[in-house]
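# Geometric and topological summary
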Amino acid sequence: SEYKFTARPIADVNCITRNPNEYSSVWVGTDHSGLMKYNYSTGEFTSVSDPYDSNSPVTSLLTDSKGNLWIGTYLGGLKKYANGKFERWNTRNGLASDNIWAILEGDDGRIWLGTLDGGLQVYNPADNSFRTFDNTNSNIKSNYINTLAKGRDGSVYAGTTYGIARISPADYSITTYKGSRKDERDFSNLNINQVVADSRGLLWVGTREGLEVYDVKSDTLYNLSLSESFPNPFILGIIEGADHSMWVTVGNEIFNI
């Protein structure tokens, strides 16, 4: 079973997302080579460069329900790639920040953006408008959004540098979580790296100091110890598998739960 995984020599991969237009390839966002397409049948990497911006690191990717590719960058704003062409947004035409750290599509087709210093934004493709939630006009406690996830009811969870914010899809009301109120237990660290709402309705929370599962309905927080060697690991990635088990990455290790 130690030969289940293969590795491809490409440096500084920040994000990967599906490519619905080509079954055997995925989109790859890198730190130094921009946007790339990787064909895992042939092993070929193809660079897809923006003629107006070839240097901005790609920090987040999303393929939406229409097959459009949304690209978040560091210092280069937001881009959409469709039919071989790029469309761009920055602070001069609507963005609260040119640092886009997370992208999510809502049930209504709107695009949610987590920024590194401008709070949370919602982009409506229908009228090209932005709505901003930050620590001056909402209950969000931090303008630094690290991760976004969608719940089973369509709500959006934003992992920030000071806990988690849940945004209702009905009225955009915001509830914040620092941990379990019932048990008076905070997350292991309020700087949230990853949050995933699984098929059971549980929130998987990855911080700089460990992995926890939060049951929102019962307001119960569970701590998961992944390894005796590293009791408080820096959680890098979380995703739910097709069999509903969870995959978690920590440094040089992958855990299946």
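It should be noted that the structure appears before, not after, this text.
Throughout what follows, the structure given in this document is the object of discussion. (Residues numbered from 1 in each chain as written. Predicted model: local features only at pLDDT ≥ 70, side-chain atom pairs only at ≥ 80, totals over all residues. Heavy atoms only, no water.)

### A short note on the nonpolar core
Going by this rule: Here, the term nonpolar core denotes a set of buried Ala, Val, Leu, Ile, Met, Phe, Trp, Tyr and Cys residues that are joined through side-chain atoms within 4.5 Å. In this scheme, a residue with accessible area under 20% of its type's maximum is buried, one over 50% is exposed, and one in between is partly exposed, where area comes from a 1.4 Å probe on protein chains only. The criterion used for residue contact is that any of the two residues' heavy atoms lie within 4.5 Å.
Residues W112, L120, F133, I140, L148 and I167 are the most contacted members of the largest nonpolar core, which totals 15 residues. Those residues in contact with I167 that lie beyond four places of it in its chain are W112, L120, S155, V156, A158, Y172, S173 and I174.

### Structural notes on the sheet that holds strand β2 (residues 25-30)
What counts, and what does not: Strand pairing is assigned whenever DSSP detects at least two bridges linking the two strands. For the purposes of this entry, the term helix denotes a DSSP run of H or I that reaches at least four residues, the term strand denotes a run of E that reaches at least two, and both are numbered from the N terminus. To obtain each axis, a line is fitted to C-alpha atoms, and for helices this fit is confined to the stretch in contact; angles are then taken between N-to-C directions over 0 to 180 degrees.
Taken in spatial order, the four strands make up an open sheet running β1-β2-β3-β4, and their pairing is antiparallel. Of all strands in the sheet, those bounded by a partner on one side alone are β1 (13-18) and β4 (44-48). Looking at each pair of strands side by side, their axes are set apart by 30° on average, direction ignored. Examined bridge by bridge, strand β3 (residues 35-39) and β4 share five bridges and lie antiparallel to one another. Within β4, the residue paired with N39 across the bridge is E44.

### Focus on the pairing of strand β11 (residues 120-124)
Put simply, side chains in a regular strand alternate between the two faces of the sheet. Among the five residues of β11, five are classified as buried, and the element is accordingly described as predominantly covered. Here β11 shows two buried faces, one formed by L120, V122 and N124 and the other by Q121 and Y123. As paired elements, strand β10 (residues 111-115) and β11 share four bridges and run antiparallel to each other. Across the sheet, W112 pairs through a bridge with V122, a residue of β11. Summarising the sheet, β11 and strand β12 (residues 129-133) pair through five bridges and their orientation is antiparallel. Paired with N124 across the two strands is S129, which belongs to β12. Once β11 ends, the chain turns through four residues before running back antiparallel as β12, passing N128 with a positive phi of about 60°.

### Things to note about the packing of aromatic side chains
Note the following rule: Pairs were defined over the aromatic rings of Phe, Tyr and Trp, the Trp ring being its six-membered one, requiring ring centres within 6.5 Å. Orientation was assigned from the angle between planes: stacked under 30 degrees, edge-to-face over 60, tilted for the rest. To sit over a ring, a charge needs its Lys NZ or Arg CZ within 6 Å of the ring centre and within 35 degrees of the ring normal.
Counting across every chain of the model gives 13 aromatic pairs. Plain terms: the ring middles of W27 and Y81 are 5.8 Å apart, the flat faces sit at 80° to each other, and that makes the pair edge-to-face. Taken together, the residues span a long stretch of sequence, with W27 in strand β2 and Y81 in strand β7 (residues 78-82) at a distance of 54 residues. Neither residue differs from the other here; W27 and Y81 are each classed as buried. Where F133 meets Y172, the ring centres are 5.7 Å apart and the plane angle is 40°; that geometry is what we call tilted. With F133 in strand β12 and Y172 in the loop between β15 (163-167) and β16 (174-177), the pair connects residues that are 39 residues apart, well separated along the chain. F133 gets classed as buried once you look at its relative accessible area, which sits at 5%. Three or more aromatic residues joined by ring pairs make a cluster, and in this case those are W70, W89, Y123 and F130. Above the plane of the ring of F86 lies K79, whose end atom (NZ or CZ) is 5.8 Å from the centre.

### Some points on the side chain of T115
Note the threshold: N or O atoms closer than or at 3.5 Å make up a polar contact, with two conditions inside protein: a donor-capable atom paired with an acceptor-capable one, and, for residues adjacent in sequence, both atoms drawn from side chains.
One can find T115 in strand β10. At a separation of 2.8 Å, a polar atom in the side chain of T115 contacts the main-chain carbonyl oxygen of G119. Once residues within four sequence positions are removed from consideration, T115 is found in contact with S97, N99, I100, W101, N143, Y144 and I145.

### Considerations on the sheet that holds strand β23 (residues 237-240)
Here we have three strands laid out as an open sheet, ordered β23-β24-β25, and antiparallel in their pairing. Looking at which strands have only one partner, the edges of the open sheet turn out to be β23 and β25 (253-256). Neighbour-to-neighbour, the strand axes of this sheet turn through a mean angle of 15°, independent of strand direction. As defined by bridge partners, strand β24 (residues 246-250) adjoins β25 across four bridges and the pair is classed as antiparallel. Residue pairing for β25: T249 is matched across the bridge by I254.

Keep in mind these values describe shape, not function.
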